Structures are given as structure tokens and as C-alpha cells.
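# Per-entry structural report
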Amino acid sequence: MSRGDVWHVLIPQNLDRTVWMGIIKVQGEEHQIHLELPLDKCLHGARVWGDWRLERHLRKHRKMIQSRLKSATDPENFIQELCSLLEASKKKGCKTGMPLLKLADDSALYSRIVQEVGDIGWERVSDIDADFKRLELLSKEISGTTHTIKIQLHQQYPSVAPTCCTNLPGDFKLHWNHKCTLRDILIQFEGCLKQYQPFWDEMAEIDANAWILEPEKPGPADVHRRIALGNNSSLQITVDPFHPHMLPQCRFLGAEHVIGPLRHNLNVNLLTWNSSASLLANLRSVLDVDFPLPSSSQQQDFTEECGICYSYRLDSIIPDQVCDNPQCNKPFHQTCLHEWLCSLPTSRQNMTGLGFNTLYGECPYCSKPISMKKLDKR
């Protein structure tokens, strides 16, 4: 398709016609362009990217491009709209003496980055800024889980090592010298992913076979799990991502008459922990408990609201203080219970070597004694 100094060629790359690749030419400049549609072939959710020169254009008109995607009837129509948009923008830039694409003095750095990205594949890039100083690379596991690494390049790259940020449960330590490239970063990153795979496998088994109260949506970096035990009680574990089969840090939350026996079981059966067994199997064994299964229970069974504020989540925090009276067993947020006890004239504080650190008072529901550690308001 052509119109004056604007023309394009667009070719489908699969039978479903969800992946397209082609060339567009605007005012004498040719650009390679890619268009990827979702499975429903809706242009509104399509992803558009191009070569490094076109990418600088696209980033300056991202909102307009999204608008054109919504109104376009098919890929061919969208490409025509995009060419018109770029042509108009370039003409405007020429009139004002400000070209749309202004090559910087460090074009050698741009060329190097373009070459290195081409080496690993542009499909591995999920984001890159117009100055080519910040980019985000993708790595996908066999299971289908996608991990990202954000890279900040120094002006003296590659003489100066880039800064990397990941979604790993531990630090990512980059080993770098002036001969390294983006491929080396990706190789080291994927090596770390393999190192953490046993940890992710253990956490995935727990997530699939127990009710997880927190975090609400566990991510790759989360080493904590708060597991529902029932009866307004829970177990919070902190797992070592480098030794996921070892005994995790355990903290029991709930009324003492509920969690006391579980704490006793842990202390008595501690020596039976089998590091060759799975984390979930060990927890079941040493605690002598069957965790409620997602398949045989419902969320409302473990999400009782706070007895003071009448909400389940307060600033993303769920209740973790429970009345010890078995006939009451009402849960409260720490902050709610703290404010309640501080407001009672009959409440008292216990003084230790660390100061006044425990509040004693009455339960708002059953008026039986209840206590909690005093919160630090600093």
C-alpha cells in the first residue's frame, strides 16, 4: 500500500493472523514494525513495536496509538492510520525546526544497544525508554511463569556495569566486565531463576494445597505465607529461598487455646523434620494437622471481619489478634484492639526492662481479659 511518500507492507506470520510483521516508510525512512494481537484478535489489546528508530517515534505517541487501535477495523487499517500519524508528526517537526527523531551525540551507544538487543531478540524486551538507558527484559520458565529484570545503563556502558532490579526473593549480584553484554546479564539472570526454582516449587505446592491469607496474591519475591488453620487461627512461615526444605521460621496467630497445642506439637516433633521431604509434608507431620484445602472449603470460612472496625482488611492488613475466650474467639486488627484498650480507663500496662510493652484490658465482645503488645507509634 502506498500514498505519496508513505507506504507499507504488512504480512501475517501465522495461520491465526494474530502476529504480523512488515515495513513502513514515512518521508523516506523505512522502519520494521511488528503487530501482535491477543487470541480474540481484538486490536484494542494489541502490542505494537518496531526497530530502535521507530520505537523512539512510537513512545512519543503512545496514547494516540492506543486510540487508533481502538478505532481501527483491522491491522491494515491501523497501519495506514499509524503512517498518517507519523507523517503528520514529522512534517510538524520540520516546520518548527525540531525533527521528531533527534540522534544524540552518543549514537555509538545506541548502535551498541540495538545490536545487543537484536542478539537476544526484540521479543525478550518488554519495555525500553526513548534514550535506550532503561530497559526491561523477559525470561519465561518452562512452566510458563514470566520473570523480568529491569536494567539501568550507565552513560559509560559497558565500561561501567549497569544497575539491575529483579523480582527475585534474594539479591541479584551481577558479575561484570567491559566485555559483557546484555546477553550476559540475561544468562546470569536465568541462572538465578534455576537456583530459586526449588523454592518456587515448594511455595507453589503450599499455595495449591492450603488457604493462603497473606500475601493476597503471592509473587516470586514473597518468602512469607500466612496459612489458615481454621477457628480464627493461622500459621505464618518465613522460608529460606536458598534452603526451602529446611524448617522455616514459624509464628502462630490466634487464641492460645487453639495455637497452644500446635506450638507444643512443633516443639515435640522438631527432630522428626525430614529435609528430603517437601515443606508442606513436613509442616503437616510435625504439627500433626491437616491444613484446610481450597477444594473443600470457602474463603468466607477464614475471612471473619474485625470485631471493632467490622472490616476484614484495614490498610491491607487482616485481623491477627484473637480473644482467648473459647466462647468468644473474636478476631481484631492490632491497631483496632490497641486503640480500644488505650481508650478504656480500666486498662493497664505491664512494665518490663524494655518499658511498658503490654496492654491488659477487656474484650469488646465478651468482656473477658485480653492483652496485646503495645504498638510503637513512632
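Quick caveat, the model's predicted, so the values are computed rather than measured.

To continue, consider the pairing of strand β4 (residues 29-36). Across 8 bridges, the pairing between strand β3 (residues 19-26) and β4 is antiparallel. Looking at β4, one finds that Lys25 is bridged to Glu30.

It is worth spelling out the layout of surface pockets at this point. As a volume, the largest pocket reaches approximately 430 Å³. Along its surface, the largest pocket is lined by 18 residues, and Arg251, Gln321, Ser371, Met372 and Lys373 are the ones closest to its centre. Elements represented by at least two residues in the lining of the largest pocket include exactly β13 (249-253), α6 (256-268), β14 (321-322) and β18 (369-373). Per-class residue counts for the lining of the largest pocket are 7 nonpolar, 5 polar and 6 charged.

By the definition in use, this model includes 9 salt bridges. Of the charged contacts in the structure, one is a salt bridge between Asp207 and Arg225, with a shortest N-O distance of 2.7 Å. Taken together, the residues span a long stretch of sequence, with Asp207 in helix α5 (residues 182-209) and Arg225 in strand β11 (residues 224-230) at a distance of 18 residues. A salt bridge links Glu214 to Arg226; its shortest N-O distance comes to 3.4 Å. Linking Glu214 in strand β10 (residues 212-214) with Arg226 in strand β11, this pair joins segments that are 12 residues apart in sequence. Judged by relative accessible area, Arg226 falls into the buried class, the value being 5%.

Conventions we followed
- Residues numbered from 1 in each chain as written.
- Predicted model: local features only at pLDDT ≥ 70, side-chain atom pairs only at ≥ 80, totals over all residues.
- Heavy atoms only, no water.
- Pairing = 2+ DSSP bridges.
- Helix = DSSP H or I, 4+ residues; strand = E, 2+ residues; numbered from the N terminus.
- 1 Å grid on protein atoms, 1.4 Å probe; cavity = no way out; pocket = protein on both sides within 12 Å on 5 of 7 lines; lining within 4 Å.
- Points joined across faces, edges and corners; volume = space filled by probe spheres on them.
- Nonpolar A, V, L, I, M, F, W, Y, C, P; charged D, E, K, R; others polar.
- Salt bridge = Lys/Arg side-chain N within 4 Å of Asp/Glu carboxyl O.
- Buried < 20%, exposed > 50% of the residue type's maximum accessible area, 1.4 Å probe, protein only.

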